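Report on the structure
For reference, the chains in residue letters:
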Number of protein chains: 2
Amino acid sequence: MDADEFRTRGRQMVDYVADYLDTIDSRRPLPDVTPGYLRELIPSTAPDRGENFDTVMADLDRVIMPGVTHWHSPQFHAYFPAANSFPALLGDILSGGLGAIGFTWASNPACTELEVAMMDWLGKMLQLPNDFLYSESEKGGGIIQSSSSESALMALLCARTEVIRQQQDNNQHLTKGQVLDKLVAYTSIESHSCIERAAMTGLVTIRALPSDENGALRGATLEKAVQDDLDKELIPFYLGASIGTTTRCTFDNLKELGPVCNKHKIWMHIDAAYAGSACICPEFRYILDGVEHAKSLAFNPHKWMQVNHDCTAMWVKDKELIEGAFHIDYYILRQSNHGVRMPDFRHWQIPFGRRFRSLKLWFVLRSFGVSGLQALIRKDISLAKQFERFVQSDPRFEIVAEVVLGLVCFRLKGDNSRNERLNYLIHKDGRIHMTPSKVKDMYFLRFAICSTRTGAADVAFAWDIVREMADKVTLENGSVCYNEFIDHD
Amino acid sequence: MDADEFRTRGRQMVDYVADYLDTIDSRRPLPDVTPGYLRELIPSTAPDRGENFDTVMADLDRVIMPGVTHWHSPQFHAYFPAANSFPALLGDILSGGLGAIGFTWASNPACTELEVAMMDWLGKMLQLPNDFLYSESEKGGGIIQSSSSESALMALLCARTEVIRQQQDNNQHLTKGQVLDKLVAYTSIESHSCIERAAMTGLVTIRALPSDENGALRGATLEKAVQDDLDKELIPFYLGASIGTTTRCTFDNLKELGPVCNKHKIWMHIDAAYAGSACICPEFRYILDGVEHAKSLAFNPHKWMQVNHDCTAMWVKDKELIEGAFHIDYYILRQSNHGVRMPDFRHWQIPFGRRFRSLKLWFVLRSFGVSGLQALIRKDISLAKQFERFVQSDPRFEIVAEVVLGLVCFRLKGDNSRNERLNYLIHKDGRIHMTPSKVKDMYFLRFAICSTRTGAADVAFAWDIVREMADKVTLENGSVCYNEFIDHD
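Residues numbered from 1 in each chain as written. Chains lettered and ligands numbered in written order. Predicted model: local features only at pLDDT ≥ 70, side-chain atom pairs only at ≥ 80, totals over all residues. Heavy atoms only, no water.

1. Some points on the overall build of chain A
The helix and strand tally for chain A stands at 14 helices and eleven strands. For the C-alpha atoms alone, the extent of chain A along its principal axes is close to 70 × 65 × 45 Å. Counting across all 489 residues of chain A, residues that qualify as buried make up 68%. Taking the contacts inside chain A whose residues are at least 6 apart along the sequence as the reference set, 73% of them involve residues at least 24 apart. If you sum the accessible surface of chain A, you get close to 15900 Å²; carbon and sulfur atoms cover 48% of it. (Helix = DSSP H or I, 4+ residues; strand = E, 2+ residues; numbered from the N terminus. Buried < 20%, exposed > 50% of the residue type's maximum accessible area, 1.4 Å probe, protein only. Contact = heavy atoms within 4.5 Å. Areas by Shrake-Rupley, 256 points an atom, 1.4 Å probe, with all protein chains shown as cover.)

Now the structure itself:
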């Protein structure tokens, strides 16, 4: 395929995507396939000779589309949103077209420099303390990571490197393993599994601490756990705090946790994967209060800020700690930066190479403007509030966590089994898609506003289905428990 | 921006990319900017109101292009190639447009299933042992990772989990830290820094073993190192072997290393980042001989197989070890796969979410066909051979490593300083771009065939410049050492 054919095929693909998104409300959110569906639809080996691209295009509707989960359907209310905007798509086309890998400054200066600039734009939008900004501090700065998981891991590895260094400075006879056996990380029982996974990767003990009645991890809970561990001569070193948990969008109390962390020299990392985007609205910025105590934080513009996957914004207060944690001086890359200090992002992340992801962020921020992005956040929250009112209007239901942002967690009053049944019926019906969750043995349903295409009528439509299925559960006397869908993965 | 504007803007961006690549030979490969160039070209905060996209497009030539390193210029010969093909770009447009995140099978069945199919296609193209294929084995399979770094790390983490489990099974009183302090990983002094970095992340000791006169890590060298460590009651557990090292494209002797690893229960991971692509040509497949001893391997179609970044193909012989190493059962995701076993790739990687990267791989394999991809590999190798003959024709120069694939490592006979000077002059001249390297205190230049646009005339052009600059070095009597460019990062 030469450049001229690409001009034609590119237009065709752009139109295919535009058509798909223009008509996505005609598709059920979940595909009707069973595992293994695809294998018989394509050959078992790659073709020896190249095929005309028409045959590839023709296969999209035959092979791919039947198996796609339509995250941007207005009836998709599962997990959390995945951003998908046209300006971001344009940024990715350009990033791919340039195909310039920015592992060092010299390998693609524009890639590093636009990322530095965008991280400051974004940090200011979130009103982050100056400590996190390139332009306002000596040591602070941000990076685009692939995921909140990678960010939580990088933060934990930095903290681990630092605490091992300190311990060995105090006692030169200590081995890494002896220090490691004493390290303790903390998080809430409600936090995303990526925090626990970071600890498993780092090979450190992690304690999942109980949340309060509002789902928040509190300072006193952490203080007590830390004291218990200090009494056992263990070494507390890392807290994975959450702003907007995945289970039910609750908020750890940073203002209480921060001082506890400072007192005990614990690295506080904030995972604000979903909720961080809301902090660009002044009225929601309070949920980040206490961020000044954090050593690092991350949120996902690729969730709720119109930037397509992947784009996790991560900031650190001391970039020397992240660069130094795994600095390997690699000869092939040793080139002068002419005296001005620009970050070599390969030291900040797990992969070595990197795409030019700041382009899509730049395109989105300029195309929507801050006020445009705020309006979209506010629209989603108002839709969640609408759904909350529907739930509250039906005495069979209860709300499980305060609806602060775009997620409504609710359940039928009574046994979990009734709610498992309700979830099963909604899933089987297939007109809307939600995912359930469970906290402290309480099973509930999650209704998330995900697609930018979702409007008030879609929320009403979803509620009608929930009510209809609840009627069935009620008719069944609430006594039948069908676990067909859940629990046998 | 609505779908209709996206149709227009998308065409505009596709044309921008086509124009860029059509005329890339008119650009010097390296940009003429100094660190910090971009900051003054854009505002210091995001705009409050959205801008018309025309203003964004206009800024590409003003802000971005002056700072881009043109990896696809026919005069770009640095590092290793970064793939950039039109079918892959189309695949990424579709992946972005669907915007469906495939962390579990249910979250986007097509994403998981096409990836499973493509990893088998690719594995068969490389003639991998059946143990690595989904369709031919119970336990084998592959995944698209973000990078060779992530692959080497995941392999090391799996091996670490497994050896700790075994050690603790033998002695329940052993702590993780006590095992960790005894673990030893191995690699060659010539391997990519990602192996050492994986060990640093895993917090295990790593030994960089000497290579032989051909740059290969040999079985006897490993055996001796392992014996030394066993004598010290340490626990050898991981070998990061390389096929096509970054420094000078040398090849570890897998056929010797494999049996040593088997004997001592060491996990052999093969990093074939660059060279793996050549194994689709029968005449180069021999470089992977011995792969049957490996527990895992990875190579980068995003380097030399026309698939845009990121796309690292990684296979494991026992997927239970990779899934089990960090399996966290997350309630929100616990959905039935209806009995058929499909991988949940979130367990195989560091990030949680994932893009639909198999689309671009599928598009590339079908558009080029295996024979088309083979032809491109062979073209690059023949161009490297052409450059090698140029070097050999000039008695001032010597070849530093056998030219097997698309990389020529060479130097002026004599002191490193003359070659540092040569590199400096070539860099300052700016018409071509190369990066130097150093092995065993020997400094040399690397000439890599990178762009698919590079042809015989470009190779002759590059050689003329190298000769011209070598003349200058010779005239300077070879006594002046200018380290301005190198060594003060």
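2. A closer look at the interface of chain B and chain A
The partner chain A presents 161 residues to the 162 residues of chain B that form the contact. Surface buried jointly by chain B and chain A totals about 13800 Å² across both partners, of which 64% is contributed by carbon and sulfur atoms. Counting every contact that joins chain B to chain A gives 14 salt bridges. Linking Arg355 of chain B and Asp310 of chain A is a salt bridge whose minimum nitrogen-to-oxygen distance equals 3.5 Å. The interface formed by chain B and chain A holds 62 residue pairs in polar contact (both at pLDDT 80 or more) in total. Examining the composition of the side of chain B that touches chain A, we find that 16 residues originate from one element, helix H1 (residues 3-22) of chain B, more than from any other. (Buried area = accessible area lost by both parts, 1.4 Å probe. Salt bridge = Lys/Arg side-chain N within 4 Å of Asp/Glu carboxyl O. Polar contact = N/O pair within 3.5 Å; in protein donor to acceptor, adjacent residues only side chain to side chain.)

3. Focus: the nonpolar core
By size, the foremost hydrophobic cluster in this structure holds 308 residues, and its most contacted members are Ile64, Trp362 and Leu405 of chain A together with Ile64, Trp362 and Leu405 of chain B. Other than its neighbours up to four places away in sequence, Ile64 of chain A contacts Tyr37 and Asp59 of chain A together with Leu98, Ala110, Leu114, Phe356, Leu359 and Trp362 of chain B. (Core = buried A, V, L, I, M, F, W, Y, C linked by side-chain atoms within 4.5 Å.)

4. A look at the UniProt feature "modified residue: N6-(pyridoxal phosphate)lysine" (unreviewed entry) in chain A
Residue and element names in this part refer to chain A. In the UniProt entry, the feature "modified residue: N6-(pyridoxal phosphate)lysine" (unreviewed entry) is given for Lys303. By the element assignment, Lys303 lies in helix H10 (residues 301-304). Aside from chain neighbours lying at most four places away, what touches Lys303 is Phe80, Pro81, Ala82, Ala83, Ala273 and Tyr274. (UniProt positions renumbered as here; feature names shortened; annotations may be inferred.)

5. Looking at the domain arrangement of chain A
Structurally, chain A comprises domain 1 (3-81), domain 2 (100-356) and domain 3 (377-475). Centre-to-centre, using C-alpha coordinates, domain 1 of chain A lies 36 Å away from domain 2 of chain A. (Domains from an automatic or database assignment.)

6. What to know about the environment of Val307 of chain B
Residue and element names in this part refer to chain B. Its location among the elements puts Val307 in the loop between helix H10 (301-304) and strand E7 (312-316). The exposure class of Val307 is buried, given its relative accessible area of 0%. The spatial distance from the C-alpha of Val307 to the C-alpha of Gly324 is 30 Å, given a sequence separation of 17 residues. Those residues in contact with Val307 that lie beyond four places of it in its chain are Ala83, Ala88, Pro301, His302, Lys360, Leu361 and Val364.

7. Details of the relation of the copies chain B and chain A
The operation relating chain B to chain A is a screw motion whose rotation component is 180°, with 0.0 Å of axial translation and a residual RMSD of 0.0 Å. Accordingly, the operation relating the two chain copies is best matched by a two-fold axis. By C-alpha distance to the rotation axis, the residue of chain B lying nearest is Gly177 of chain B, at 1.8 Å. In this assembly, 99% of the residues forming the interface of chain B have copies in chain A that are likewise at the interface, indicating an isologous arrangement. (Least-squares fit on C-alpha atoms with pLDDT ≥ 70 in both.)

8. Looking at the packing of aromatic side chains
Counted according to the given criterion, the structure contains 40 aromatic pairs over all chains. Considering the side-chain rings of Phe397 of chain B and Phe410 of chain B, the 5.9 Å spacing of their centres and the 55° angle between planes classify their relative orientation as tilted. Here the residue Phe397 of chain B occupies a position in strand E8 (residues 397-399), and Phe410 of chain B occupies one in strand E9 (residues 407-412), the gap between them amounting to 13 residues. Look at Phe410 of chain B and you get buried, because its relative accessible area is 0%. Every member of this aromatic cluster is reached through a ring pair, and the members are Phe387, Phe390, Phe397, Phe410, Phe447 and Trp463 of chain A. When the ring centre of Phe80 of chain A is taken as origin, the NZ or CZ atom of Arg446 of chain A, which lies over that ring, is 5.0 Å away. (Phe/Tyr/Trp six-rings, centres within 6.5 Å; stacked < 30°, edge-to-face > 60°. Lys NZ or Arg CZ within 6 Å of the ring centre and 35° of its normal.)

9. Focus: unusual backbone geometry
Residues and elements named next belong to chain A. Of the consecutive residues His309 and Asp310, the connecting peptide bond is found in the cis state with omega at 0°. Located in the positive-phi region is Tyr79, a residue other than glycine, with phi close to 50°. Tracing the backbone shows Tyr79 in the loop between helix H2 (53-64) and helix H3 (86-98). Tyr79 gets classed as buried once you look at its relative accessible area, which sits at 4%.

10. Overview of the sheet that holds strand E10 (residues 435-439) of chain A
Residue and element names in this part refer to chain A. The strand order across the open sheet built from four strands is E8-E9-E11-E10, with neighbouring strands paired in antiparallel fashion. Two strands bound the open sheet, and with one partner strand each, they are strand E8 (397-399) and E10. For this sheet the average axis-to-axis angle between neighbouring strands, irrespective of direction, equals 40°. For strand E9 (residues 407-412) and strand E11 (residues 442-448), the ladder comprises four bridges, and the chain directions are antiparallel. Looking across to E11, one finds that Cys409 is bridged to Arg446. (Pairing = 2+ DSSP bridges. Axes fitted to C-alpha atoms, helices over the stretch in contact; angles between N-to-C directions.)

11. Let's talk about the packing of helix H1 (residues 3-22) of chain A against H1 of chain B
Relative to each other, H1 of chain A and H1 of chain B sit at 155°, their axes nearing to 9 Å. One way to sum up the angle between H1 of chain A and H1 of chain B is to call them roughly antiparallel. H1 of chain B is crossed by H1 of chain A, and the crossing has right-handed handedness. Contact residues: Ala3, Phe6, Arg7, Gly10, Arg11, Val14, Asp15, Val17, Ala18, Asp19 and Asp22 of chain A in H1 of chain A; Ala3, Phe6, Arg7, Gly10, Arg11, Val14, Asp15, Val17, Ala18, Asp19 and Asp22 of chain B in H1 of chain B. For the contact of H1 of chain A with H1 of chain B, the per-class residue count stands at ten nonpolar, two polar and ten charged. (Parallel < 35°, antiparallel > 145°, perpendicular 65-115°, else oblique. Left-handed = near helix turned anticlockwise from the far one by under 90°. Nonpolar A, V, L, I, M, F, W, Y, C, P; charged D, E, K, R; others polar.)

12. Structural notes on the side chain of Asn308 of chain A
By the secondary structure assignment, Asn308 of chain A is in the loop between H10 and strand E7 (312-316). The buried category is assigned to Asn308 of chain A, whose relative accessible area is 2%. Side-chain polar atoms of Asn308 of chain A contact the backbone nitrogen of Ser85 of chain A, separated by 3.0 Å. Leave out the neighbours within four places in its chain, and Asn308 of chain A touches Ala83, Asn84, Ser85, Ala88, Leu89, Asp92, His302 and Lys360 of chain A together with Gly96 of chain B.

13. Looking at the sheet that holds strand E2 (residues 183-188) of chain B
Residue and element names in this part refer to chain B. Strand order in this open sheet of seven strands is E1-E7-E6-E5-E4-E2-E3, and the pairing throughout is mixed. The open sheet terminates on both sides in strands that have one partner only, identified here as strand E1 (141-145) and strand E3 (205-209). Taking the axes of each pair of neighbouring strands and ignoring which way they run, one obtains an average angle of 20° across the sheet. Examined bridge by bridge, strand E4 (residues 235-242) and strand E5 (residues 267-271) share five bridges and lie parallel to one another. In the sheet register, Ala241 faces E5, and the bridge partner there is Ile270. Against the sheet, helix H4 (residues 109-125) engages E1, strand E6 (296-299) and E7, with an angle of about 85° to E7. Sheet contacts for helix H5 (residues 148-170): E1, E2, E4, E5, E6 and E7; angle to E4, the most-contacted strand, approximately 160°.

14. A few points about helix H9 (residues 254-263) of chain A
Buried residues of H9 of chain A: Leu254, Leu257, Gly258, Val260 and Cys261 of chain A, and no others. Next to the buried residues of H9 of chain A lie helix H8 (219-231), strand E4 (235-242) and strand E5 (267-271) of chain A.

15. Things to note about the pairing of E4 of chain A
Residues and elements named next belong to chain A. Within E4, eight of the eight residues are buried, leaving the element largely enclosed by the surrounding structure. Looking at chain direction, strand E2 (residues 183-188) and E4 are connected through five bridges and run parallel. Along E4, the bridge assignment pairs Thr187 with Gly240.

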